[in-house]
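Read off the chains here:
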Amino acid sequence: MTDAYTNEILTQKVDQIVSKLVNQPLPPIQPPPKVPTTSAEVASLIDHTLLAPASTLQEVRNVCSEAKKYKACTVCVNSSMIPIVSEELKGSGVHPISVVGFPFGSANTEGKVREAQVAVEQGAKEIDMVNEADISFHFLPLCCFPLVDFLFHLPLPLPLTHTYRKWNKKKVQNIGLLKSGRYLEVYNDVLEVSKACGQATLKVIIETSLLTAQEIIASSYLSCLALQGDGFIKTSTGYGGGGAKADDIRVMYEVCQLVSKELSLPGGRATKVKASGGIRSLATVREMVQNGAQRVGASGTSKIISEVEGGKVEADAGGY
Ligand SMILES: O=C[C@H](O)COP(=O)(O)O
């Protein structure tokens, strides 16, 4: 936990960056990122992923073999599979990744911390955690005083609180309960897991498909503040009903750059962006990179690599 921020401070900071970025078309990144062309370049960006709940040990072994064959960056699996993946990848230069709090992010922080610690002890070199996907976007000044906000949300048959609740529900951008202290919770959720990761790289999945444009900015911002220029923010679990979109990647990249400036990080060090969810073609990989992604999560790596090797660039069939 940190005493650097309070909910009020974070609410003000989130409101500022949201009003700066939301619905503002962003220019292409300058200088343009290098777009991968060879299979080695594409593979070096890819976290080869197998997160299906019914994945067998043999399927996990197959994914490890494919990743070694392609020279993928990593293999991304559920935490229970880390021991076998660490064994399969030993000495290969391909790193094991464990997801944490997957796929909904609604596990408590203590549970995510412990899951990350064990996965790192068992060989995970990167952790992909799911952040609190349900953040609420406060519009009303009353929300800045959590106690008042809490009292007003009690289901009391009072016209004033009833009106406030109705209005707030309309105002609240997101599903899920309006809970006071939410921004601080989201921030501390990432901070505590990042401490547990030690030298392992932490990526924070914000589940863009569940969030409004404002919330994508807010969740990216809170995660970047906690990551302090390290690690990645990542679009999707692949289980949230939608996947990576170029516009989302671009704005996430912009948030990473703005936080780097806000924290005056040396050499402009900034948290990176990982695109994941529904990426099934080389064209989509390239589009994500052009918009700021420096890592791609995909279960369809074989198809993407065969496109590169076969020289055939298929139109994107769309991942969802
Ligand atoms: O980390 C999440 C996965 O990369 C989702 O990817 P997928 O839609 O290619 O299965």
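As shown above, the structure is provided for reference.
Residues numbered from 1 in each chain as written. Predicted model: local features only at pLDDT ≥ 70, side-chain atom pairs only at ≥ 80, totals over all residues. Heavy atoms only, no water.

A. Highlighting the site of the ligand. Residues in contact with the ligand amount to 14 residues; listed here are only the nearest, K234, T237, G278, R280 and S299. Take K234: an N or O atom from its side chain is 2.8 Å from an oxygen atom of the ligand. When isolated, the ligand has an accessible area of 310 Å², and the protein chains bury 92% of it. Residue classes in the shell around the ligand are distributed as three nonpolar, nine polar and two charged. (Near = heavy atom within 4 Å. Polar contact = N/O pair within 3.5 Å; in protein donor to acceptor, adjacent residues only side chain to side chain. Areas by Shrake-Rupley, 256 points an atom, 1.4 Å probe, with all protein chains shown as cover. Nonpolar A, V, L, I, M, F, W, Y, C, P; charged D, E, K, R; others polar.)

B. The sheet that holds strand β6 (residues 232-234), seen in detail. The parallel closed barrel is built from eight strands, whose spatial order is β1-β2-β3-β4-β5-β6-β7-β8. Adjacent strand axes in the sheet meet at a mean angle of 25° when their direction is disregarded. Examined bridge by bridge, strand β4 (residues 126-130) and strand β5 (residues 201-205) share five bridges and lie parallel to one another. In the sheet register, M129 faces β5, and the bridge partner there is V204. (Pairing = 2+ DSSP bridges. Helix = DSSP H or I, 4+ residues; strand = E, 2+ residues; numbered from the N terminus. Axes fitted to C-alpha atoms, helices over the stretch in contact; angles between N-to-C directions.)

C. Spotlight on helix α1 (residues 7-21). Here α1 is 15 residues long and its end C-alpha atoms lie 21 Å apart, about the 21 Å a rise of 1.5 Å per residue gives. Listed in full, the buried residues belonging to α1 are N7, L10, T11, K13, V14, I17, V18 and L21. Considering only its buried residues, α1 is in contact with α8 (182-197), α9 (213-227) and α10 (246-262). Looking one or two residues beyond α1, the residue adopting positive phi is N23, at roughly 55°. (Expected span 1.5 Å × (residues − 1). Buried < 20%, exposed > 50% of the residue type's maximum accessible area, 1.4 Å probe, protein only. Contact = heavy atoms within 4.5 Å.)

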